[in-house]
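Understanding the architecture of this molecule
In case you want the letters, here they are:
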Amino acid sequence: MISSHTPLTPTAGRSLELNRFGPIGLVVVQSTSLCNLDCDYCYLPDRQRKQVFDLELLPLLLKRILESPFCGPEISLVWHAGEPLTLPCSYYDEATAIIQLSLREYGTSGIQIEQHVQTNGTLINDTWCDCFRRNQIVVGVSVDGPTEIHDEHRRFRNGRGSHRFCMDGIEALRRNAIPFHVISVVTASAMQQPEAMYRFFRDHEIHSVGF
C-alpha cells in the first residue's frame, strides 16, 4: 500500500512525480494466513491454513523498498491479515533483527521503520506484551464494540463469541502499560445502536478508534 503526501526529492537524472506515487509510508505483510477466529464478514481465504511468510524473503522486500526513489522517511510495516499472534514471539524477534540489519545495510540516513501488529486481541498475554515492548511494536486491536454487537460476527469456529477473550487481551495490554489503538467494523447492528457503541468505547477508555 502506498500513501501519497509530501513529495520527496527525485533521484538524480529522474523526473518522478512523487506527489502522485509516493512516498511509501505503509507496507502490509501477511505473516500468516491462519486465524483462530472465523468472522463471518472476513473476505480473506485460507484462514484455517497456516501459511507463513518466510522471513528469508524479508531482507529482499526491505532492500527493494529502501532502494526505491519513492521510499519515505518513515515507514510503517504492519503485520496484518490472518491472526499474527498465532505465530510465536520468536518470529517477530527475528523480524526485528532483520529490519535493523537491513536499515544498516541498505537504509539511508534518517529512514525509520516502525513495526505494527493488527490483532483480534484474543491471544494477548503478558508474554506477548513483553514481545511488543522489546521489539517496539505498535499494537492495534480489532474490537467491534459491546459484547452482543462484537459476538454477532466475530466468533471462533465452534460458534463461541470472542469478545471476552479480546477484552482480556486489552486488559493485559493495560496491565503492562502497552499503548494500543482499536479498529472497529461498523456492522448493521452497530449502525442501529450508536449510543451503545459510544458508551462502550467511552466506558472502557478507548480513545483511539478507527471505524
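Computed from a predicted structure; not experimentally measured. (Residues numbered from 1 in each chain as written. Predicted model: local features only at pLDDT ≥ 70, side-chain atom pairs only at ≥ 80, totals over all residues. Heavy atoms only, no water.)

**Observations regarding the pattern of salt bridges**
The final tally for this structure, using the stated rule, is ten salt bridges. Linking Lys63 and Glu67 is a salt bridge whose minimum nitrogen-to-oxygen distance equals 3.1 Å. The partly exposed category is assigned to Lys63, whose relative accessible area is 27%. We note a salt bridge from Arg202 to Asp203, for which the minimum N-O separation is 2.8 Å. Accessibility expressed as a relative area gives 41% for Arg202, which makes it partly exposed. Overlapping salt bridges, with partners in common, bring together Lys63, Arg64 and Glu67 in one network. (Salt bridge = Lys/Arg side-chain N within 4 Å of Asp/Glu carboxyl O. Buried < 20%, exposed > 50% of the residue type's maximum accessible area, 1.4 Å probe, protein only.)

**A word on the packing of helix 3 (residues 89-106) against helix 4 (residues 126-134)**
As a packed pair, helix 3 and helix 4 sit with axes 10 Å apart at the nearest point and diverge in direction by 5°. The orientation of helix 3 relative to helix 4 falls into the category roughly parallel. Contacts between helix 3 and helix 4 involve Cys89, Tyr92 and Asp93 on the former and, on the latter, Thr127, Trp128, Cys131 and Arg134. Tallied by class, residues from the contact of helix 3 with helix 4 come to four nonpolar, one polar and two charged. (Axes fitted to C-alpha atoms, helices over the stretch in contact; angles between N-to-C directions. Helix = DSSP H or I, 4+ residues; strand = E, 2+ residues; numbered from the N terminus. Parallel < 35°, antiparallel > 145°, perpendicular 65-115°, else oblique. Contact = heavy atoms within 4.5 Å. Nonpolar A, V, L, I, M, F, W, Y, C, P; charged D, E, K, R; others polar.)

**Overview of the pairing of strand 1 (residues 24-29)**
Pairing analysis gives five bridges linking strand 1 to strand 2 (residues 71-79), with the strands arranged parallel. Looking at strand 2, one finds that Val29 is bridged to Trp79. With helix 2 (residues 58-66) bridging strand 1 and its parallel neighbour strand 2, the resulting β-α-β unit is right-handed. (Pairing = 2+ DSSP bridges. Right-handed = clockwise from strand over helix to strand, strands pointing away.)

**Topic: the nonpolar core**
Core analysis: the biggest nonpolar cluster contains 47 residues, and Leu58, Trp79, Phe132, Val141 and Leu173 have the highest contact counts within it. Top contributing element to this core by residue count: helix 3, with six residues. (Core = buried A, V, L, I, M, F, W, Y, C linked by side-chain atoms within 4.5 Å.)

**Looking at helix 6 (residues 163-175)**
Spanning 13 residues, helix 6 covers 18 Å between terminal C-alpha atoms, matching the ideal 18 Å at 1.5 Å per step. Of the positions making up helix 6, those classed as buried are His163, Cys166, Met167, Gly169, Ile170, Ala172 and Leu173. Where the residues of helix 6 are buried, they touch helix 4, strand 4 (138-142), helix 5 (147-153), strand 5 (180-183) and helix 8 (194-203). At the exit of helix 6 stands Ala177, carrying a positive phi of roughly 55°. (Expected span 1.5 Å × (residues − 1).)

**Examining helix 3**
The first and last C-alpha atoms of helix 3 sit 26 Å apart over 18 residues, in line with the 26 Å expected at 1.5 Å per residue. Taken as a whole, helix 3 has its buried residues at Cys89, Tyr91, Tyr92, Ala95, Thr96, Ile98, Ile99 and Ser102. Those residues of helix 3 that are buried lie in contact with helix 2, strand 2, strand 3 (112-119) and helix 4.

**So, the side chain of Asn120**
Following the sequence through the fold, Asn120 ends up in the loop between strand 3 and helix 4. Judged by its relative accessible area of 4%, Asn120 falls in the buried class. Looking at Asn120, its side chain comes within polar contact range of the side chain of Thr122, at 2.7 Å. Ignoring anything within four residues of it in the chain, the contact list for Asn120 reads Cys35, Asn36, Leu37, Glu83, Val141, Ser142, Arg154 and Cys166. (Polar contact = N/O pair within 3.5 Å; in protein donor to acceptor, adjacent residues only side chain to side chain.)

**Quick notes on unusual backbone geometry**
One non-glycine residue, Gln136, lies in positive phi territory at about 55°. As for its position among the elements, Gln136 is in the loop between helix 4 and strand 4. Not every positive phi belongs to a glycine, and Glu205 is a case in point at roughly 55°. Along the chain, Glu205 falls in the loop between helix 8 and strand 6 (209-210). For Glu205, a relative accessible area of 55% puts it in the exposed group.

**Thoughts on the side chain of Thr32**
With respect to the helices and strands, Thr32 occurs in the loop between strand 1 and helix 2. Only 3.1 Å separates the side chain of Thr32 from the backbone oxygen of Gln51, close enough to count as a polar contact. Ignoring any residue separated from it by four or fewer positions in sequence, one finds Thr32 in contact with Lys50, Gln51, Val52, Ala81, Gly82, Glu83, Pro84, Thr86 and Leu87.

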